Amino acid sequence: MQATIGDRLAALAAADPARPALLCEGETLDRQRLAAEVARLAAGLHARVPPGASVALAMPNGVPLVLVFLACAVSGRQALVYDPAWPAPYRDAIDAALRPALTIERAPDWAPGEAPPPPEAEQPFYVGFTSGSTGLPKGYRRSHRSWIESFEVSRGAFGLTQADRILAPGGLSASLHLYGVVHALHIGAQALIMARFRPKRALDLIARHGVTALYATPTQLQLLLDAAGTRVCPSLKVLMVSGAKWGPQTRAAAARLFPNAATAEFYGASELSFVTIGHARDAVPPGSVGRAAPGVEIAIRDAAGRDVAPGQAGTIWVRSAMLFDSYACGGGEETRREGGWLTVGDHGLLDAQGFLHLRGREKRMLVTAGLNVYPEEVEAVLAAAPGIAEAAVFGRPDPLRGHELVAVLRMDEATSPDEAALRAFCRRHLPAAKVPHRFIRLDEWPRTASGKPDLLALQTLATR
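By convention here, each chain's residues receive numbers from 1 onward along its written sequence. Local features in a predicted model are, by the rule used here, given only for residues with pLDDT of at least 70; side-chain atom pairs are given and counted only at 80 or more, and totals for whole chains, interfaces and linings are based on all residues. For side-chain calculations, the full set of non-hydrogen atoms in the structure is used, while hydrogens and water are omitted.

Remarks on the packing of helix 2 (residues 31-48) against helix 3 (residues 63-75)
Note on definitions: angles span 0 to 180 degrees between N-to-C directions of axes, and those axes are lines fitted to C-alpha atoms, for helices only across the stretch in contact. Only runs of H or I of at least four residues qualify as helices and only runs of E of at least two qualify as strands under DSSP, and these elements are numbered from the N terminus. Where helix 2 meets helix 3, the closest approach of the two axes is 8 Å, and the angle between their N-to-C directions is 60°. With respect to helix 3, the axis of helix 2 lies oblique. Taken as a pair, helix 2 and helix 3 cross one another with a handedness that is right-handed. Contact residues: Leu-34, Glu-37, Val-38, Leu-41, Ala-42 and Leu-45 in helix 2; Leu-67, Val-68, Leu-70, Ala-71, Cys-72, Val-74 and Ser-75 in helix 3. Note on angle classes: values under 35 degrees are labelled roughly parallel, values over 145 roughly antiparallel, values of 65 to 115 roughly perpendicular, and the remainder oblique. Left-handed describes a crossing whose near helix is turned anticlockwise from the far helix through less than a right angle; right-handed describes the clockwise counterpart. Here, residues are in contact when the closest pair of their heavy atoms is within 4.5 Å.

Quick word on the sheet that holds strand 26 (residues 438-442)
If you trace the three strands from one edge of the open sheet to the other, you get 24-25-26, paired in mixed fashion. In this open sheet, the two strands that pair with only one neighbour each are strand 24 (388-398) and strand 26. The average angle at which neighbouring strand axes cross in this sheet is 25°, direction not considered. Here strand 25 (residues 402-411) pairs with strand 26 via five bridges, running parallel. Directly across from Ala-407, in strand 26, lies its bridge partner Phe-439. Packing of helix 11 (residues 419-429) onto the sheet brings it into contact with strand 24, strand 25 and strand 26, and relative to strand 26 it is tilted by some 120°. In this description, strands pair whenever DSSP reports at least two bridges between them.

Considerations on helix 4 (residues 88-98)
Note on exposure labels: buried denotes an accessible area under 20% of the residue type's maximum, exposed denotes more than 50%, and partly exposed covers the range between, all computed with a 1.4 Å probe on protein chains only. The complete set of buried residues in helix 4 reads Tyr-90, Ile-94 and Leu-98. In a view along the axis of helix 4, the buried residues occupy a sector of 40°, so they form one face of it. In the core, the buried residues of helix 4 are packed alongside strand 4 (78-81), strand 6 (124-129), strand 17 (326-329) and helix 12 (455-463). Remark: Arg-99 follows helix 4 within two positions and exhibits a positive phi of approximately 45°. The arc in question is formed by the directions pointing from the helix axis toward the C-beta atoms.

Here is the structure:
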């Protein structure tokens, strides 16, 4: 029988029942209690909702959320992990689309009952949601098998074992942190989570518990660096960063804060899981997100679906055993399947050495003065400019050019370049048509619950 999520909890508890397994804000569960609580909740679900049913988890970050999520997995139910920060219309729309059989908002006090039969590896167990930064969240459905395959990639790429203490400090409604916690518990490592991401508190946890592995987005990493001062965290052995590229200054600061940590950057998507992994030891070229992860094939294709030569940009297509099943709700025409291949509309190129370079998302592409512009390309240039902490670029309708580029900026407190200096910097790195026509400076940078820039809010500011 193939492995499924949560199927090792009982065996791990039997092997070392008192070993700490899950820690959050002063609460610690050992392996024995973790396995017992998951079994109790799984029996409760078995008594209340039919196999395969959807269970909405509208719960704050904490131990109960992890326990109920695992109970859904081992009982053969699908966990819909809601974001507590969703506005009411978001949640109402998701509820209307998915009609969950049960909604859980706090830790259930169900009595022990009959254990459910184990699920099959191909069964879906999880519906996660996009951050909602560009509209109503899309619900993506994942099978046990797809995450088990991803666990194998994590084992080989990051070298994580049950001896590790793994911190996933962000909200579990974000798949990155949920994945990190569930993988840690699956292999018998200690998982640490936070009720709310607070940089200084996260650094304290790393020091107090001797955390050896950390999952972080580039934004979270930057906030940790900003809060660190002269601190050093020598216990960290693996720093795993997902999302956008992080610059050389951030990389150098991370090396000072985590002097013993090997860094690994990975690119992927909720629908794709791991696509590429870039290790510092691989001499990843500037602007690249690494080579294909183990078991992953990447193809770059033009608009007609033909493979293009190395160095030519096109749509990124991926084939692996880690792909998602389907959308439970939402979705868009940019996500397409062809045989065993899948694209989510990202564009990029593969160089002659097999390194992937991202160019942007199909959905964000703009046309200005007859030129296709990926905002991500311009954002990367602006983020490298002295005095710029973060940048987001949008198109404002323009009768002459089609779109006028507008850059929204969060400035570094230490320096603040004027508009002329920013234009000059952009002209040194971009064609004239890709240089923003307007620059908007913000003191408060809107973010989603997962810590990513809130693109919808930023776009509203840029185009009003």
